[in-house]
Amino acid sequence: MEIVNKSRFHSKSMASTYDQMCQLLVPGYDLMQDTLMDILKFNKTKDLILLDLGAGSGILVEKILKEFPDSICYYLDFSDDFMSVAKERLHKYPDRVTYIKSDFCGYWESKIAQKPNVITSTSAIHHLSNENKKKLYGKCYNALEYEGWFFNIDEMKTIHEEAHLNNLYYWMYHAKKQKDTLSGDSLDAYNGWMEKFDSWKKRNIDNIHLPKKDGDDIHESFLVQLDWLNEIGFQETDIFCKYFLWGMIGGKKVSNEL
C-alpha cells in the first residue's frame, strides 16, 4: 500500500478540537459505537482483545475498557498529537492499553503480542484509495483470531448518488445547527472545527467530481465494501447500522475446521 499524505492530520489543536466536538458534530457518532458495544455484548465476547485502527483521541477504546473490565486494547494511530490526547483520556488504564504508532500501510501486525478477537476502526479507512481499503481489510482478516470480528464505522456512499450527495449536505446542516447549543470554550472548539469543515465541503461537495487520491475523503458504497469482505473470507457480513453518511459494516473470521 502507498503511504497516505497525512500532514493535515498532525496538529495538537486539531486533535483536541476533534476530541471535544466529534460526538456532537458527527451525526450518529455515539449511535454507531453504542451499536458496536451491543453487538459485542450480545455475542458474549469474553477475554476481549481489541485493536482499534486510527484510534484518534481514544473515545471508542475508553468505552470498551469501561464496558469490558477484563479487556485489553491495542491503540493504533500515526499521529503523535492524537495519541497525546488519547493518553490523557486513557491514563486510568496503564496496564490495559498498548500504544502503536503506525499508519495503515505500516507493519503494525508485528507489534501485536496477542491476536485480537475484535478489530475496529472509526471514520478513518475512507482516507485510503479503494485498492488500499481492500488490502487493509485483508490485513485485518489475517491479523484476527478465529471467531473474531472486524467492524468498520465510516463515511460511505449509499446506493444512489443523489442520496449520497444529500447525506453530505445533511452533515453540513447538522453541524451548523449545533452552534446555538454552545457557548464559551465549546464555541471556540466549534469554530475551530468549522474552519476545517469549510475545506471538507470544498473537497467533497464543491469538487465532488474531481479525482481523489490517498488522504482525501474517498467514499465507497457499503455494498461494494461488503463484497470485498466476502471475497476476503469474512462470514456473517452485514451493514449493522446506518445513519446518513455513516455505516458500520463488518464480518467474522470463521475457522474452516470442523
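The rules behind each value
Residues numbered from 1 in each chain as written. Predicted model: local features only at pLDDT ≥ 70, side-chain atom pairs only at ≥ 80, totals over all residues. Heavy atoms only, no water. Buried < 20%, exposed > 50% of the residue type's maximum accessible area, 1.4 Å probe, protein only. Helix = DSSP H or I, 4+ residues; strand = E, 2+ residues; numbered from the N terminus. Lys, Arg positive; Asp, Glu negative; His and termini not counted. Salt bridge = Lys/Arg side-chain N within 4 Å of Asp/Glu carboxyl O. Polar contact = N/O pair within 3.5 Å; in protein donor to acceptor, adjacent residues only side chain to side chain. Contact = heavy atoms within 4.5 Å. Phe/Tyr/Trp six-rings, centres within 6.5 Å; stacked < 30°, edge-to-face > 60°. Lys NZ or Arg CZ within 6 Å of the ring centre and 35° of its normal. Pairing = 2+ DSSP bridges. Axes fitted to C-alpha atoms, helices over the stretch in contact; angles between N-to-C directions.

The next subject is helix H3 (residues 59-67). Taking burial as the measure, the 9 residues of H3 include 7 buried ones, the bulk of the element. Along H3, the residues classified as buried are Ile59, Leu60, Val61, Glu62, Lys63, Ile64 and Leu65.

Before going further, it helps to spend a moment on the side chain of Asp77. For Asp77, the location among the structural elements is in strand E2 (residues 72-77). The charged side chain of Asp77 is buried without a salt bridge, its nearest counter-charge being Lys101 at 9.1 Å. Reaching out from Asp77, the side chain makes a polar contact with the backbone nitrogen of Gly56 at a distance of 2.8 Å. Ignoring any residue separated from it by four or fewer positions in sequence, one finds Asp77 in contact with Gly54, Ala55, Gly56, Phe82, Met83, Ile100, Lys101 and Ser102.

Within the fold, Phe150 resides in strand E5 (residues 149-155). Sequence separation between Phe150 and Asp19 is 131 residues, and the spatial gap between their C-alpha atoms is 24 Å.

This part takes up the environment of Ile72. Counting through the fold element by element, Ile72 comes out in strand E2. Taking the C-alpha atoms as reference points, Ile72 and Lys242, separated by 170 residues in sequence, lie 28 Å from one another. For Ile72, the residues in contact, after removing those within four places along its chain, are Leu48, Ile49, Leu50, Arg96 and Gln114.

The subject of this paragraph is the packing of aromatic side chains. As enumerated under the stated definition, the model contains 17 aromatic pairs in all. Between Phe197 and Trp200, the aromatic rings sit 4.8 Å apart at their centres with planes inclined by 10 degrees, giving stacked as the arrangement. Taken together, the residues Phe197 and Trp200, both in helix H7 (residues 184-206) and 3 residues apart, mark about one turn of the helix. With a relative accessible area of 4%, Trp200 lands in the buried category. Above the plane of the ring of Tyr141 lies Lys253, whose end atom (NZ or CZ) is 5.0 Å from the centre.

Quick look at the side chain of Asn117 now. Turning to its location among the elements, Asn117 is positioned in the loop between strand E3 (97-101) and strand E4 (118-122). A relative accessible area of 16% means that Asn117 is categorised as buried. Within the local environment of Asn117, its side chain forms a polar contact with the backbone oxygen of Asp47, the two atoms lying 3.1 Å apart. Setting aside its immediate chain neighbours within four residues, Asn117 contacts Lys46, Asp47, Leu48, Ile49, Leu144, Glu145, Gly148 and Trp149.

Here we come to the sheet that holds strand E1 (residues 49-53). With mixed pairing, 7 strands are arranged side by side in an open sheet as E3-E2-E1-E4-E5-E7-E6. A single partner strand is all that each edge strand has here, and the edge strands are E3 and strand E6 (235-243). Strand-to-strand twist of the sheet, defined as the mean angle between neighbouring strand axes without regard to direction, takes the value 15 degrees. Alignment of E6 against strand E7 (residues 246-252), held across 6 bridges, turns out to be antiparallel. Of the residues in E7, the one forming a bridge with Cys241 is Met248. The sheet contacts of H3 involve E1, E2, E3 and E4, and relative to E1 the element is tilted by about 170 degrees. In the packing of helix H4 (residues 80-89) onto the sheet, the strands contacted are E2 and E3, and the crossing angle to E3 comes to about 170 degrees.

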